[in-house]
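Architecture and fold: a report
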Amino acid sequence: MTAAHRAPLAGALALAALAALAVWGAWSIPEGPDFSTVGPSAFPRVLSGTLALLAIAAVIQALRGKIPDEARSTEEPLLPGANARVGWVLAGMVFSPLGLYLFGFLVGAMIGFGTVARAFGAKNGWAIIGWSAASTLVVWLVFDKVLTLKLGNQLIMLPF
Amino acid sequence: MTATRREFLMAAGALSASALSWPALAAPQFESIFMFVPAAPGGGWDGTARAIEQACKTADLVGSFQFENVGGSGGMVGLPRFINQHKGQANAVMVAGAVMIGAAISAKSPIGIQNTVPVAKLTEESGVVVVPANSPFKSFGELVAAFKADPKKVPVAGGSAGGTDHILLGLMLKALGRNPREAAYVAFAGGGPANAAIIGGQVAAGISGYSEFEEQIKGGRMRALAVSGESRIPGVSVPTLREQGMNVVSANWRGVFGAPGIQPAQRAALERLISSMRDTPAWKDILVKRRWADSFQAGSAFEKYVAQDVNDTVGVMKDLGLA
Amino acid sequence: MDSFAQLMHGFANALQPAVLMYGFLGCLVGTLVGVLPGIGPALTIALLLPLTFKVPATGMFVLFAGIYYGAMYGGSTTSILLNTPGESSTVMTAIEGNRMARRGLAGPALATAAIGSFVAGTIGTIALTFFSPLIVDAALLFGPAEYFSMMLLALVAVTSVLGNSLLRGLISLNLGLLFGMVGVDLQTGQHRFAFGQAELLDGLEVTIVAVGLFAVGEAMFMAWKGHAAEGKVEEIRGSLWLDREGWRRSWKPWLRGTFLGFPIGAMPAGGAELPTLLSYYAEKKLTAHPEEFGNGAIEGVAGPEAANNAAAAGVLMPLLTLGIPTSATAAILLSAFTSYGIAPGPLLFQQQAELVWTLIASLYVGNVILLVLNLPLVGLWVQLLRIPAPWLYGGIILISTAGLYGASSSVFDVGLLYAFGLLGFVMRRFDVPVAPLVMGLILGPMAEQSMRQALTISAGDFTTFITRPISGGILAIALLMLVVPRVLKMRKS
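Everything quoted here is computed from the prediction, not taken from an experiment.

With that settled, the discussion passes to helix α1 (residues 2-14) of chain C. Residue and element names in this part refer to chain C. In a regular helix each residue adds 1.5 Å, so 13 residues correspond to 18 Å; α1 covers 18 Å between its end C-alpha atoms and thus fits that length. Along α1, the residues classified as buried are Leu7, Gly10, Asn13 and Ala14. Along α1, the residues classed as buried sweep out an arc of 110 degrees about the axis, all on the same side. Tucked inside the fold, the buried residues of α1 contact α2 (17-35), α6 (106-139) and α15 (353-383).

Attention now moves to the domain arrangement of chain B. Residues and elements named next belong to chain B. Domains assigned within chain B are domain 1 (29-124 + 252-320) and domain 2 (125-244). Placing a centre on the C-alpha atoms of domain 1 and another on those of domain 2 gives a separation of 27 Å. Contact residues are listed per partner, giving eleven residues for domain 1 and 15 residues for domain 2. Surface buried jointly by domain 1 and domain 2 totals about 1,100 Å² across both partners, of which 58% is contributed by carbon and sulfur atoms. Our enumeration of links across domain 1 and domain 2 arrives at one salt bridge. For lysine 174, the salt bridge is made with aspartate 319, and the minimal N-O distance between the two is 2.7 Å. Going through the elements one at a time, α4 (98-106) and α11 (299-320) are the ones with two or more residues in the side of domain 1 that touches domain 2.

This part is about the pairing of strand β1 (residues 30-37) of chain B. A regular strand places its side chains on the two faces of the sheet in alternate fashion. Residue and element names in this part refer to chain B. The element β1 is largely enclosed, with a buried count of six among its eight residues. Across three bridges, β1 lies against strand β3 (residues 92-97) in parallel orientation. Within the sheet, the bridge partner assigned to phenylalanine 36 lies in β3 and is methionine 94.

What follows is about the domain arrangement of chain A. As far as domains go, chain A holds domain 1 (3-72) and domain 2 (82-146). For domain 1 of chain A versus domain 2 of chain A, the separation of C-alpha centres amounts to 34 Å.

Another point: the pairing of strand β2 (residues 62-69) of chain B. Residues and elements named next belong to chain B. A large share of β2 lies buried, amounting to six of its eight residues. Relative to β2, β1 is paired through seven bridges, and the arrangement is parallel. Residue pairing in the sheet places phenylalanine 30 in a bridge with valine 62 of β2.

Listed as interface residues are 67 residues of chain C and, on the opposing side, 75 residues of chain A. Interface of chain C and chain A: buried area, both sides summed, is about 5,900 Å²; carbon and sulfur atoms make up 80% of it. Looking at the side of chain C facing chain A, the largest losses of area belong to Trp224, Trp391 and Leu398 of chain C, adding up to 12% of the total buried there. On inspection of chain C and its partner chain A, the count reaches two salt bridges. Salt-bridge contacts for glutamate 70 of chain A lead to lysine 225 of chain C; the nearest nitrogen and oxygen are separated by 3.0 Å.

A few words now on a nonpolar patch on the surface. Residue and element names in this part refer to chain A. Residues Val94, Phe95, Leu98, Tyr101, Leu102 and Phe103 make up a contiguous nonpolar surface patch of about 580 Å² in total accessible area. In this fold, phenylalanine 95 is placed in helix α3 (residues 82-103). Classification of phenylalanine 95 by relative accessible area gives partly exposed; the value is 47%.

On to the pattern of salt bridges. Residue and element names in this part refer to chain C. Tallying each qualifying case throughout the model produces 27 salt bridges over all chains. Residue arginine 468 is joined to glutamate 146 by a salt bridge in which the shortest nitrogen-to-oxygen separation is 2.8 Å. Here glutamate 146 lies in helix α7 (residues 144-158) and arginine 468 lies in the loop between α19 (464-467) and α20 (469-492), a separation of 322 residues in the sequence. The class of arginine 468 is partly exposed, set by a relative accessible area of 26%. The salt bridge involving aspartate 431 is made with arginine 168; its shortest N-O contact spans 3.1 Å. Here arginine 168 lies in helix α8 (residues 166-179) and aspartate 431 lies in the loop between α17 (411-429) and α18 (435-457), a separation of 263 residues in the sequence. Several salt bridges converge on common partners, so that one network encompasses Asp185, Arg192, Glu448 and Arg452.

This part is about the interface of chain B and chain C. On the chain C side, the residues contacting the 48 residues of chain B number 49 residues. Taken together, the two surfaces of chain B and chain C that pack against each other cover about 3,900 Å², and 62% of this comes from carbon and sulfur. Taken together, chain B and chain C are joined by zero salt bridges. Summed over the shared surface of chain B and chain C, the result is six residue pairs in polar contact (both at pLDDT 80 or more). It is helix α1 (residues 2-20) of chain B that contributes the most residues to the side of chain B that touches chain C, six residues altogether.

How each quantity is defined
Residues numbered from 1 in each chain as written. Chains lettered and ligands numbered in written order. Predicted model: local features only at pLDDT ≥ 70, side-chain atom pairs only at ≥ 80, totals over all residues. Heavy atoms only, no water. Helix = DSSP H or I, 4+ residues; strand = E, 2+ residues; numbered from the N terminus. Expected span 1.5 Å × (residues − 1). Buried < 20%, exposed > 50% of the residue type's maximum accessible area, 1.4 Å probe, protein only. Arc of directions from axis to C-beta. Contact = heavy atoms within 4.5 Å. Domains from an automatic or database assignment. Buried area = accessible area lost by both parts, 1.4 Å probe. Salt bridge = Lys/Arg side-chain N within 4 Å of Asp/Glu carboxyl O. Pairing = 2+ DSSP bridges. Patch = residues over 30% accessible without salt bridge, like charges linked within 9 Å, V, L, I, M, F, W, Y side chains within 5 Å. Areas by Shrake-Rupley, 256 points an atom, 1.4 Å probe, with all protein chains shown as cover. Polar contact = N/O pair within 3.5 Å; in protein donor to acceptor, adjacent residues only side chain to side chain.

Okay, structure coming up:
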């Protein structure tokens, strides 16, 4: 087993774990009061069962090196620093909802915008803050004033 | 967007206006009301809430309104938020109704509508039992006979399982001495598909709120056999279930609830507000336009009504295997 | 012809400056919400409902009609340029449309989408004007059994988007079908895959999944690859307009898409996504350039775009003639009617002739406004691609987040959006197509529920799917679609 196989295998194993969760979820659905031929758990059981089979097939394919990995694409090779860039996006995915929850839309959305901008190569911190604040305010204005959609109760909240 | 901008200006103006220019005579009862709607914009609860806003504003009963819509799962996503985040808030009200009771039971939720402070019931709507225009069932008696013989052979269309329509069918079968679980209940998502299935003769009968089927009944595409309220719907000649010898009464009501933990005086103030709102011409106008049946009930009577309804619903849902 | 005279009268009303103004405003707002991922016409119209207390009925409905049609036009823009469908019915547009944009053909893709939308919208509106009762009666013949057969046919059509590997395509489809099971079961009220979360009881919303997989997933994948960060701007080749070749290859797909979209849109459980899928399938099978499919074929944009606009017109038929709402937007429109004390239904055309005909006339006018509005915008939209990558992708994330948060004000939903974004990234990395997942999510619950509805009606008899003539006929077509291409292939080789 080579390093090239490792990432696809991890993906296939993650799928298998998801399938296992689905199987467990499907078998814990109560049959319900319905006496008809097809109850609420029939489809989930069939589908989670198929997913489990497909996951096994995927693991086998991954072991044989038959699943392509864009990380090793020759057409459009991965540029160095990929992990750091994805790390920024992931950080945004965690901290943006947190900011949204604690401090309201302005902070949460700025974190989301800023981390993605950083991941796409923006280096200048002030430019990031400026652009994300400006875009967030414009979006807020459009949503709140034109579409009358409430993005939380206030633009900025305090968690206490 | 002229209209929205105008509205925005009006709202901005209302803030200053409420402080300065209203004569003492017509002083609003509340500076502001926080209106919590545990459903997405556009549905029945939201419509009721916006109508309350409209009536209160026309009569200067309330300075300004703030809305929050938290939809999902028959109100069970919004309810915990209302209870936790607005505890003790004297000017917070929630619009909800019978649907939330069933939703709480089927979600096996530890909290329910009884954890809020009932203020007043505003409207209610009878259920109606219909058959397609060309149905072999000419009378309610014939339909009942078919139910008695074998409910599985009489597919009935309605809203989602465990909702008010399903519960009504369960109550009817129970009254006939059959097991509610035998019902061949065909649940449809939303009124549209259910309507189409009944008109198209895909099912033998249908159950829903009267307004859902009203146009089809008037247009002669469905025949109404019975309504489920205490009494007949004004202006509609369809007899009630009771009149036709079936002791079942059920209605889908909507009302206003206060936040838990408010003081008795604060609760009384909300009751006063809603009863003055109910007396405004604007509200009466809305009731007529939307064909909502007024079923006003406030205070302890309403509280008892809610408690009774929770009890009854638990009973039926158990019979249906949903609790 | 009576309805023709009334239509002319409607035009006279619709072309009055005040009414025209509402129409224009509606088209503008509609295009905007169509472009924004996460919020659609249903939500927008719901938010404007309180205005029904202040604005006269005619103006309001012309405004709503503009929003409704406008959103259908706008939805394709971000699909094509940014691989970020604004609505679930433009997911199919993203597949070929974004490939075209990557080849520098964003202009023709946007143009064929806009003109196709106009053609389909206009034909749809003509059919709505003259054939409503006929088509609605036919649509009512479809019951749960027929819908189930149609879903099976749709599943056959999904095979056209499974991508390079059958296994990976099926994994994607299977995940989608499974995600569709999450939430309270409609038929029995049992909880499925909710894991105790109240937010999951209503199921996974298609918008959240689609925006997550496409918009967020795409952004993450592009960031990971790193080429966008280099500041490489997609070169725009060719004209911004359709050339002769483009017209020649587009007009048939426009018409085919229209004739798939309109009747299915008129069906009580049809929707706009199913016809886009069927149209894509049809174009892929019929095209003279099969090698271009998957690499930016113009037919794959023209057909589905026409189909989703025609479906939008179809949805209005049962609403106006029977008072039956068959989509979320139609349900909101119905409540707008009732808040004016107007009841759509069999009697609407008699009791509110003035309003109805003005509304229908404004649909024609709206289509023209949208075409005039959208064609010059093509050049402007294409400039979007010149925004430096950090701010462009930051903006996509921002707007996706705002759209979902604005719709539900739920941080949980935002978290879900990002989770699906992560899934979309992983799927892209290992060349698993994302479109089958979205299609599965839409088709799965429809297939399951209609099958169980049909079985409750038939008291458990499975033969109902074959013995009912329409259902049996659809199943036969599905079988042919599965068998014939394979037989032909075997003969060739």
